[in-house]
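# Topology and contacts: notes
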Amino acid sequence: MIHGGISRDEHTGAVSIPIHHASTFKQDGVGNFVYEYARTGNPTRHALEELIKDIEGGFKGYAFGSGMAAISAVMNLFKSGDHVILTDDVYGGSYRLMTKVLTKYNIEVSFVDTSNLAVVEAAIKENTKAIYIETPTNPLLKITDLKSISKLTRSHNLLMIVDNTFSTPYWQNPIEFGADIVLHSATKYLGGHSDVVAGLVVVNSESLATDLHFIQNSIGAILGPQDSWLLIRGIKTLAIRMEEIEENAKKVAKFLVEHSHVSKVYYPGFETHQGHSVHKIQARGFGGMISFDVGSNHKAEEVLKKVKYFTLAESLGAVESLISLPAKMTHASIPRERRLELGITDGLIRISVGLEDVEDLIEDLHFALAK
Ligand SMILES: *Cc1c(COP(=O)(O)O)cnc(C)c1O
């Protein structure tokens, strides 16, 4: 994370990669250049792309203007008539892209419980081209077994795509378990400071790299040099942030599960959490996301009003702890019936544990939950 990618400037020795605000580059004779035009390639963006490739252990990396731009670019690998199987509680924006935009191009999608291998296998059709996984999921932190899915994708000649936003490459490297494509909303933990919107993709073969770079250059949804630099800077402290968040989250989860006003706590670090043993095999840590149920929308909104250190906001993965109400915020676009089917109740609160003193965070929740 600190020495990966291109970590210094070869001309000046600067230990921080320069921000190249150049849209075009002088050619030494026609066609003789390293960089041509900044949509196709920019040195600062390239340094970030090399870095994410290194820390995910893939073949090539690509940086986009947002997580959704990255996901859209990956979905551009498919054509009309293709079918893709996805985790049923994928990120809301991904659900919207698949159901409201890609369907216009006749790309077929099925949402299934990917933690159940038999269900995934049954969903494979003649035109299926890929399985798209999130593990842990949002907000219920459901776990999918990456190795089993990769056996399935290998034997059916499908692409395996993993959105690794929640675990980050610090805790989980899906390529190690057979993924062909790993993607991130780098807006979250990789950036880590709530100050940049970005997406990253790592592919694990030369042919996918050629295809994805062609798409990136064609649709143009690239990340700018300033934001690329911010991400490089964020990634330098990813390890220490993830370790500290892990410690904080464990203590907050323990406090919540022992609280009499909390009926259910979702946290992959609990041995009782569904998929805990699978997660332990494929990941080195449990992350900073916790969801818990306080019983009703009214009670949940009271808690959200009373907290002082948890900031009421969408997003996650930042230095500051964030709190949200999935049913009315991130998952509001999903019909209530479907939400309840998935287990996203009206009283479900999601927190993203940050780097504050954990005693302060627990005290904050203690007062907010008291009445
Ligand atoms: C936020 C998020 C996205 C979308 O990323 P943006 O950077 O907001 O476009 C995709 N997947 C997951 C899991 C996310 O949390």
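Residues numbered from 1 in each chain as written. Predicted model: local features only at pLDDT ≥ 70, side-chain atom pairs only at ≥ 80, totals over all residues. Heavy atoms only, no water.

Space inside the largest pocket adds up to approximately 410 Å³. What lines the largest pocket is a set of 17 residues, and nearest its centre among them are E10, H11, H20, Y35 and P43. Broken down by class, the residue content of the lining of the largest pocket amounts to eight nonpolar, four polar and five charged. Estimated volume of the second largest pocket: approximately 300 Å³. Lining the second largest pocket are 21 residues, and of these M68, Y91, S185, T187 and K188 lie nearest its centre. Of all the secondary structure elements, the ones that give two or more residues to the lining of the second largest pocket are α2 (67–75) and β6 (181–185). Here the element with the most residues in the lining of the second largest pocket is α2; it accounts for three residues. Taken together, the residues that form the lining of the second largest pocket break down as seven nonpolar, nine polar and five charged. Each of two domains, domain 1 (43–236) and domain 2 (239–370), supplies a minimum of three residues to the lining of the second largest pocket. (1 Å grid on protein atoms, 1.4 Å probe; cavity = no way out; pocket = protein on both sides within 12 Å on 5 of 7 lines; lining within 4 Å. Points joined across faces, edges and corners; volume = space filled by probe spheres on them. Nonpolar A, V, L, I, M, F, W, Y, C, P; charged D, E, K, R; others polar. Helix = DSSP H or I, 4+ residues; strand = E, 2+ residues; numbered from the N terminus. Domains from an automatic or database assignment.)

Near the ligand there are 14 residues, and of these M68, D163, S185, T187 and K188 occur at the shortest range. Between the ligand and M68 there is a distance of 2.8 Å, counted from an oxygen atom to a backbone nitrogen or oxygen. Within the side chain of D163, one N or O atom sits 2.7 Å away from a nitrogen atom of the ligand. The fraction of the free accessible surface of the ligand (380 Å²) that becomes covered by protein chains is 92%. (Near = heavy atom within 4 Å. Polar contact = N/O pair within 3.5 Å; in protein donor to acceptor, adjacent residues only side chain to side chain. Areas by Shrake-Rupley, 256 points an atom, 1.4 Å probe, with all protein chains shown as cover.)

Domain annotation for the protein chain reports domain 1 (43–236) and domain 2 (239–370). The distance between the C-alpha centroids of domain 1 and domain 2 comes to 24 Å. Of all residues in domain 1, L140, W171 and Y189 give up the largest surface area on contact with domain 2, accounting jointly for 28% of the area buried on that side. Where domain 1 meets domain 2, there are zero salt bridges. Applying the counting rule to domain 1 against domain 2 returns 17 residue pairs in polar contact (both at pLDDT 80 or more). (Buried area = accessible area lost by both parts, 1.4 Å probe. Salt bridge = Lys/Arg side-chain N within 4 Å of Asp/Glu carboxyl O.)

Tallying each qualifying case throughout the model produces 16 salt bridges. Residue E49 is joined to R45 by a salt bridge in which the shortest nitrogen-to-oxygen separation is 3.2 Å. Remark: R45 and E49 occur in helix α1 (residues 43–56); sequence separation between them is four residues, near one turn of the helix. K129 serves as the salt-bridge partner of D82, at 3.2 Å between the closest nitrogen and oxygen. Of the two residues, D82 is situated in the loop between α2 and β2 (83–87) and K129 in strand β4 (residues 128–134); the sequence distance between them amounts to 47 residues.

We now examine the nonpolar core. Core analysis: the biggest nonpolar cluster contains 50 residues, and L48, I131, Y189, L190, L200 and L231 have the highest contact counts within it. For this core, the leading source of residues is α1, giving five residues. If you count residues domain by domain, this core takes at least three from each of domain 1 (43–236) and domain 2 (239–370). Those residues in contact with L231 that lie beyond four places of it in its chain are L48, A186, L190, G191, V196, A198, L200 and L223. (Core = buried A, V, L, I, M, F, W, Y, C linked by side-chain atoms within 4.5 Å. Buried < 20%, exposed > 50% of the residue type's maximum accessible area, 1.4 Å probe, protein only. Contact = heavy atoms within 4.5 Å.)

With that out of the way, let us pick up the side chain of N138. With respect to the secondary-structure elements, N138 resides in the loop between β4 and α5 (146–155). What makes N138 buried here is its relative accessible area of 2%. At 2.8 Å, the side chain of N138 forms a polar contact with the side chain of R350. Contact partners of N138, with chain neighbours within four places excluded, come to D89, Y91, F166, H331 and R350.

Another point: the sheet that holds β2. Remark on secondary structure: sheet strands pair via backbone hydrogen bonds, oriented parallel or antiparallel. Strands sit in the order β1-β7-β6-β5-β4-β2-β3 across an open sheet of seven strands; the sheet is mixed. For this open sheet the edge positions go to β1 (60–64) and β3 (108–112), each flanked by a neighbour on one side alone. With direction set aside, neighbouring strand axes in the sheet form an average angle of 20°. Examined bridge by bridge, strand β5 (residues 159–163) and β6 share three bridges and lie parallel to one another. Among the inter-strand pairings, I161 is bridged to a residue of β6, identified as I181. Helix-sheet contacts for α5 involve β4 and β5, and the interaxial angle to β5 is about 150°. Contacting β1, β5, β6 and β7 (199–203), helix α7 (residues 206–219) runs over the sheet at an angle of about 20° to β1. (Pairing = 2+ DSSP bridges. Axes fitted to C-alpha atoms, helices over the stretch in contact; angles between N-to-C directions.)

A complete count under the given rule lists five aromatic pairs for this structure. Taking the centre distance of 4.9 Å and the plane angle of 50° together, the rings of Y95 and F111 count as tilted. A residue pair is termed long-range when its members are at least 10 positions apart, and Y95 in helix α3 (residues 92–101) and F111 in strand β3 qualify at 16 residues. Assessed through its relative accessible area of 24%, Y95 is described here as partly exposed. Between the aromatic rings of Y267 and F270, the centroid separation amounts to 5.3 Å while the plane-to-plane angle is 80°, which identifies the pairing as edge-to-face. No difference in accessibility class separates Y267 from F270, as the two residues are buried. The structure contains a cluster of three or more aromatic residues connected by ring pairs, namely Y267, F270 and F286. A cation sits over an aromatic face here: K264 above Y266, 4.9 Å from the ring centre. (Phe/Tyr/Trp six-rings, centres within 6.5 Å; stacked < 30°, edge-to-face > 60°. Lys NZ or Arg CZ within 6 Å of the ring centre and 35° of its normal.)

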